[in-house]
Amino acid sequence: MWGGRFAAGPDAIMEAINASIGFDKRMAAQDIMGSHAHAKMLAKQGIITDADADTICEGLSTILSEIESGTFEFSTALEDIHMNVESRLKDLIGEPAGRLHTARSRNDQVATDFKLWTREQYDAAIAGISALMKVLVDQADVGADMVMPGFTHLQVAQPVTWGHHMLAYVEMLARDRSRFQDARTRMNESPLGAAALAGTSFPIDRDMTAEALGFDRPAANSLDAVSDRDFALEFLSSASFCATHLSRLAEELVIWSSAQFRFVTLSDRFSTGSSIMPQKKNPDAAELIRAKVGRINGSLVALLTVMKGLPLTYSKDMQEDKEQVFDAADSLMLALAAMTGMVADMTPNTAQLETAAASGFSTATDLADWLVRALGMPFRDAHHVTGALVAMAEGRGVDLHELSLTDMQTECAQITDEVYGVLTVQKSVASRVSYGGTAPSNVRAQVARWKDALS
């Protein structure tokens, strides 16, 4: 490739640091797709003959078949997927292969290939998130009335429903999905035809190639087109958000499946044993999902750091963009698939959840609210009275509803036995009917909304 300019070939070390074929061969299908579109456009514009374009496209199809069957021999000496394909094309069809690169540079070629590949990962992420949302909605549907403890600071705070907790992750994932959707719309401009950096003097039709490759339009500035990697950074950013949410859910599954909590039972399909302790059932899938966010965040920081000091337009530094996105995409899709399987298979332990929901004076806020509603007491006074009653119950080793009416009246003489009607966890969750609250009626309404949205 360099023969016209350089007298000597590359040193082995230079060849090793310069070559990217070890990883960018993953873009082979996208590279060939882009070359098909480019060849057909060149022929339509009269830049090459129809016969040459047909020969080129037949050769490209043969190369794709060889790659897919595993018979294609990749060469490090040819640096990257683009030159590997072009060299093989010349072997197959001879002189017409040299016409394919007319009005094109590796700069716009790699940007196009990488965009096409990353766009597929956007679509895969959107589909994977939707699948996880569906199984969480199914869990919410089953557990609309099921009570469990809600936590702040990992301390029992107020009772909530299992369905409400599941739907919290649906909302998080919906934001993740929207980030991928928004970024996909923004990135869908074709770099092809920007050439090295300044465009080309050939009468190309960039709208034709953009449409052929499923882009909404050609990128409007050739300098930006070849140097833009925002689409990769936005993928990594969106993946980092999503992986963070997956990690939070994974952490809860690790805690909930422990012997100390016993909130859920995870299926054997997503658990492992111990090499020495035969009783162990470890939530390894959840733990590995929890760790994936480190890799994905690392990829984002790595690529941000690569891009931060680059002048326009293309610099070889940008060869370091693909491995980060490849690894993050693999990690995210594996994590989404594993989490979807775990959530679909997990069984909430209803009795244990209800027992835990009633612990830790979880209905104390309901008592304070009752003092406000029934007695017209200012909330701060009600908060003080309730706190005193909690201290009394704690000192006696009982729960709030186990205090006698006489005990309660020592702190507030106006309290009546009606107060006991708000001290059960079922009454507590049923009362939280404000929009976005945990009441079973709210959960059922949100389940119906999400089932319709995800159908």
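Residues numbered from 1 in each chain as written. Predicted model: local features only at pLDDT ≥ 70, side-chain atom pairs only at ≥ 80, totals over all residues. Heavy atoms only, no water.

> So what exactly am I meant to see when it comes to the packing of helix H11 (residues 284-307) against helix H12 (residues 322-345) here?
Two numbers describe a pair of packed helices, the interaxial angle and the distance between the axes. Between H11 and H12, whose axes approach to 9 Å, the crossing angle comes to 155°. Taken together, the axes of H11 and H12 lie roughly antiparallel to each other. In this structure, the crossing between H11 and H12 has a hand that is left-handed. In this structure, H11 uses Ala285, Ala286, Ile289, Lys292, Arg295, Ile296, Ser299, Ala302 and Leu303 to contact H12, whose residues at the interface are Gln324, Val325, Asp327, Ala328, Ser331, Leu332, Leu334, Ala335, Ala338, Met339 and Met342. Within the contact of H11 with H12, the residues separate by chemical class into 14 nonpolar, three polar and three charged. (Axes fitted to C-alpha atoms, helices over the stretch in contact; angles between N-to-C directions. Helix = DSSP H or I, 4+ residues; strand = E, 2+ residues; numbered from the N terminus. Parallel < 35°, antiparallel > 145°, perpendicular 65-115°, else oblique. Left-handed = near helix turned anticlockwise from the far one by under 90°. Contact = heavy atoms within 4.5 Å. Nonpolar A, V, L, I, M, F, W, Y, C, P; charged D, E, K, R; others polar.)

> Just to check I follow, could you spell out the pairing of strand S2 (residues 155-161) for this structure?
Two faces make up the sheet, and in a regular strand the side chains alternate between them. In terms of strand pairing, strand S1 (residues 147-152) meets S2 through six bridges, oriented antiparallel. Residue Thr152 lies in a different strand from S2, and its bridge partner there is Gln155. Here S1 folds back onto S2, and the loop between the two strands holds two residues, one of which, His153, carries a positive phi near 55°. (Pairing = 2+ DSSP bridges.)

> Any chance you could explain the packing of helix H6 (residues 106-142) against H12 here in plain terms?
Orientation of H6 relative to H12, taken along the N-to-C sense of each, is 15°, at an axis distance of 9 Å. Relative to H12, the element H6 lies roughly parallel. Every pair of crossing elements has a handedness; the one defined by H6 and H12 is left-handed. For the contact of H6 with H12, the per-class residue count stands at 19 nonpolar, five polar and one charged.

> Would you take a moment to explain helix H3 (residues 28-44) for this structure?
Two residues of an α-helix separated by three or four positions point the same way, owing to the 3.6 residues in each turn. The end-to-end C-alpha separation of H3 is 24 Å, in line with the 24 Å expected for 17 residues at 1.5 Å each. Buried residues dominate H3, accounting for 13 of its 17 residues. One or two steps after H3, the chain reaches Gly46, where phi turns positive at roughly 75°. (Expected span 1.5 Å × (residues − 1). Buried < 20%, exposed > 50% of the residue type's maximum accessible area, 1.4 Å probe, protein only.)

> Help me understand a nonpolar patch on the surface in this model?
A cluster of nonpolar side chains, contributed by Leu197, Leu223 and Leu312, occupies part of the molecular surface with about 270 Å² of accessible area. Secondary-structure assignment places Leu197 in the loop between strand S3 (189-190) and helix H8 (206-212). (Patch = residues over 30% accessible without salt bridge, like charges linked within 9 Å, V, L, I, M, F, W, Y side chains within 5 Å. Areas by Shrake-Rupley, 256 points an atom, 1.4 Å probe, with all protein chains shown as cover. Salt bridge = Lys/Arg side-chain N within 4 Å of Asp/Glu carboxyl O.)

> Would you mind going over the pattern of salt bridges with me for this structure?
Pairs can form between side chains of opposite charge whenever their charged atoms are close. Going through the model one piece at a time under the given rule, you end up with 23 salt bridges. The salt bridge partner of Lys44 is Asp205, with a shortest N-O separation of 3.4 Å. Taken as a pair, Lys44 in helix H3 and Asp205 in the loop between S3 and H8 lie far apart in primary sequence, 161 residues in all. Take Lys44: its relative accessible area is 51%, and that puts it in the exposed class. We note a salt bridge from Arg99 to Asp52, for which the minimum N-O separation is 2.9 Å. Within this pair, whereas Arg99 is found in the loop between helix H5 (81-93) and H6, its partner Asp52 is found in helix H4 (residues 50-69), the two being separated by 47 residues in sequence. One continuous salt-bridge network, built from bridges that share partners, spans Asp52, Glu95 and Arg99.

> Got a minute to help me understand the side chain of Lys322 in this structure?
Relative to the assigned elements, Lys322 resides in helix H12. Assessed through its relative accessible area of 3%, Lys322 is described here as buried. Aside from chain neighbours lying at most four places away, what touches Lys322 is Phe23, Asp24, Met27, Val110 and Phe114.

> Even after reading the chapter, I still don't get H5, so can you show me in this structure?
Here H5 is 13 residues long and its end C-alpha atoms lie 18 Å apart, about the 18 Å a rise of 1.5 Å per residue gives. Within the sequence span of H5, burial applies to Ile81, His82, Met83, Asn84, Val85, Leu89 and Ile93. Where H5 is buried, its residues contact helix H2 (21-24), H3, H4 and H6. Sitting at the head of H5, Asp80 places a side-chain oxygen 3.1 Å from the backbone nitrogen of His82. (Polar contact = N/O pair within 3.5 Å; in protein donor to acceptor, adjacent residues only side chain to side chain.)

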